[in-house]
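Notes for the structure review
For reference, the chains in residue letters:
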Amino acid sequence: MQIIRRSADMTHWARGVIASGKSIGLVPTMGYFHEGHLRLMRHAVSLADHVVVSLFVNSLQFGPREDFSRYPRDFDRDSRMAARENVDILFAPAPEEMYLPDFNARVRVDGLTDTLCGKQRPGHFEGVTTVVAKLFNIVKPHYAVFGQKDFQQLSVIRKMVRDLNWDVEIVGHPIVREEDGLAMSSRNTYLSAKERADALCLYKAIEYAKARFAAGLTSAKLLKDELRDIISGNLRVSIDYISVVDKDTLADKEVMDMNSVLALAVRVGGTRLIDNCFLGNTLEA
Ligand code: AMP
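Figured I'd write up the structure that's included with this text. Fair warning: this is a prediction, and the values are worked out from it, not measured in the lab.

Here we look at the pattern of salt bridges
Taken as a whole and judged by the stated rule, the model has 22 salt bridges. Across the pair Lys159 and Asp163 runs a salt bridge whose closest N-O atoms are separated by 2.7 Å. Of the two residues, Lys159 and Asp163 are both situated in helix α7 (residues 151-163); the distance of four residues between them amounts to about one turn of the helix. The class of Lys159 is partly exposed, set by a relative accessible area of 25%. For Asp275, the salt bridge goes to Arg177, with nearest N and O atoms at 2.9 Å. Of this pair, Asp275 sits in strand β9 (residues 271-278) while Arg177 sits in the loop between β6 (169-173) and α8 (193-199); the two residues are 98 residues apart in sequence, bridging distant segments of the chain. Grouping residues by exposure puts Asp275 and Arg177 together as buried. Through salt bridges with shared partners, one network takes in Glu35, Arg39, Arg42 and Glu85.

Here we look at the layout of surface pockets
Space inside the second largest pocket adds up to approximately 240 Å³. In terms of lining residues, the second largest pocket is bounded by 16 residues, among which Leu55, Phe56, Val57, Arg73 and Pro93 are the most central. Classifying every residue of the lining of the second largest pocket by side-chain character gives 11 nonpolar, one polar and four charged.

Quick word on the pairing of strand β3 (residues 50-55)
Regular strands place their side chains on alternate faces of the sheet. Among the six residues in β3, five count as buried, and that is most of the element. For strand β2 (residues 24-29) and β3, the ladder comprises six bridges, and the chain directions are parallel. Among the inter-strand pairings, Pro28 is bridged to a residue of β3, identified as Ser54. A crossover connection joins β2 to the parallel β3 through helix α2 (residues 35-47); in handedness this β-α-β unit is right-handed. Judged from the three bridges that link them, β3 and strand β4 (residues 89-91) form a sheet pairing that is parallel.

A few points about the side chain of Lys224
With respect to the helices and strands, Lys224 occurs in helix α10 (residues 220-232). For the buried Lys224, no salt bridge exists, and the shortest N-O distance to an oppositely charged side chain is 4.6 Å, to Asp252. Once residues within four sequence positions are removed from consideration, Lys224 is found in contact with Ile242, Ser243 and Val244.

Regarding the environment of Trp13
Position of Trp13 relative to the elements: it lies in helix α1 (residues 7-19). Owing to a relative accessible area of 17%, Trp13 belongs among the buried residues under this scheme. Setting aside anything within four residues of it in sequence, one finds Trp13 in contact with Gln2, Ile4, Ile24, His50, Val52, Asp88 and Ile89.

Observations regarding the pairing of β6
Relative to β6, strand β5 (residues 143-147) is paired through five bridges, and the arrangement is parallel. When the sheet's bridge partners are listed, Val145 is paired in β6 with Val171. For the crossover from β5 across α7 to β6, the handedness is right-handed.

Brief notes about the nonpolar core
Ranked by size, the top nonpolar core spans 44 residues in total, and within it Met10, Trp13, Val52, Phe91, Phe136 and Ile170 carry the most contacts. In terms of residue count, helix α6 (residues 124-139) provides more of this core than any other element does, nine residues in total. If sequence neighbours within four positions are ignored, Phe91 has contacts with Ile4, Arg5, Arg6, Ser7, Met10, Val52, Val53, Ser54, Leu55, Leu135, Ile138 and Val139. Counting residues in each nonpolar core, the second largest holds 26 residues, with Ile231, Val268, Leu273 and Cys277 among its members.

Side note on the site of the ligand
The environment of the ligand is formed by 17 residues, the closest being His37, Gly147, Asp150, Val176 and Met184. Within the side chain of His37, one N or O atom sits 2.9 Å away from an oxygen atom of the ligand. Within the backbone of Val176, one N or O atom sits 2.8 Å away from a nitrogen atom of the ligand. Out of a free accessible area of 480 Å², the ligand has 93% covered by protein chains.

Analysis parameters
- Residues numbered from 1 in each chain as written.
- Predicted model: local features only at pLDDT ≥ 70, side-chain atom pairs only at ≥ 80, totals over all residues.
- Heavy atoms only, no water.
- Salt bridge = Lys/Arg side-chain N within 4 Å of Asp/Glu carboxyl O.
- Helix = DSSP H or I, 4+ residues; strand = E, 2+ residues; numbered from the N terminus.
- Buried < 20%, exposed > 50% of the residue type's maximum accessible area, 1.4 Å probe, protein only.
- 1 Å grid on protein atoms, 1.4 Å probe; cavity = no way out; pocket = protein on both sides within 12 Å on 5 of 7 lines; lining within 4 Å.
- Points joined across faces, edges and corners; volume = space filled by probe spheres on them.
- Nonpolar A, V, L, I, M, F, W, Y, C, P; charged D, E, K, R; others polar.
- Pairing = 2+ DSSP bridges.
- Right-handed = clockwise from strand over helix to strand, strands pointing away.
- Lys, Arg positive; Asp, Glu negative; His and termini not counted.
- Contact = heavy atoms within 4.5 Å.
- Core = buried A, V, L, I, M, F, W, Y, C linked by side-chain atoms within 4.5 Å.
- Near = heavy atom within 4 Å.
- Polar contact = N/O pair within 3.5 Å; in protein donor to acceptor, adjacent residues only side chain to side chain.
- Areas by Shrake-Rupley, 256 points an atom, 1.4 Å probe, with all protein chains shown as cover.

This is the structure:
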């Protein structure tokens, strides 16, 4: 595996691959890899002739009071893990390589970003779409793999690609979980042992919701009330949102159906965690 730091070198490599008639798969990440990242890499390897993993903690998508400076980082560990997954390139640009001092451009997707995490993290998705747009232009992928864990992010990126006619196939990957059900996340490293135990309420809520839906419950309000009771039974957990939305439009649903998604965001101690599930099927890794 080769490590590339400069975007010009990355694009030069991509042009060479494309000229030889081969395909490129991209897995954008912020690093501190866990099994979820590795599964995305493996999926990209199965789809494309060559795979690029980008590793960039994107300051643009963090709010002023968020965890940018303390976000976990371990480049050596990450590069060893990616190298074991048959990744061709680890693209790890320095911040000043991605954002020149006079950087002024933004890519924004309206509508889908007004709800869920977009409401509580102003500017977050604009930061995401801007960096992903840059990565698409630098790496020129045929496929880009994103996790269903960040369900709203995946919807927003699909919309950006459709609206801007980007010639890249966006591939979603099911949520990868710990054995006890907690969705894997680099942010789980912030949790104390007690918080880690409380964080399981997200998965418990998801399992409960799936069972209620399968048993015929259609009232989103009733389900959300019941989930609020389950989650707020945990002292260290505060709820950011419990929402049932349409999987395509992300509009709130009153009557749940096969296209409904349950989306959850909570704070456990100082750590914000998200999770979700498709009520209509069991899209799990
Ligand atoms: P991050 O490094 O957290 O920005 O994540 C990079 C990519 O990995 C994103 O597409 C995430 O949705 C995806 N990802 C993170 N955690 C998981 C998980 N537990 N299961 C599936 N995909 C994940």
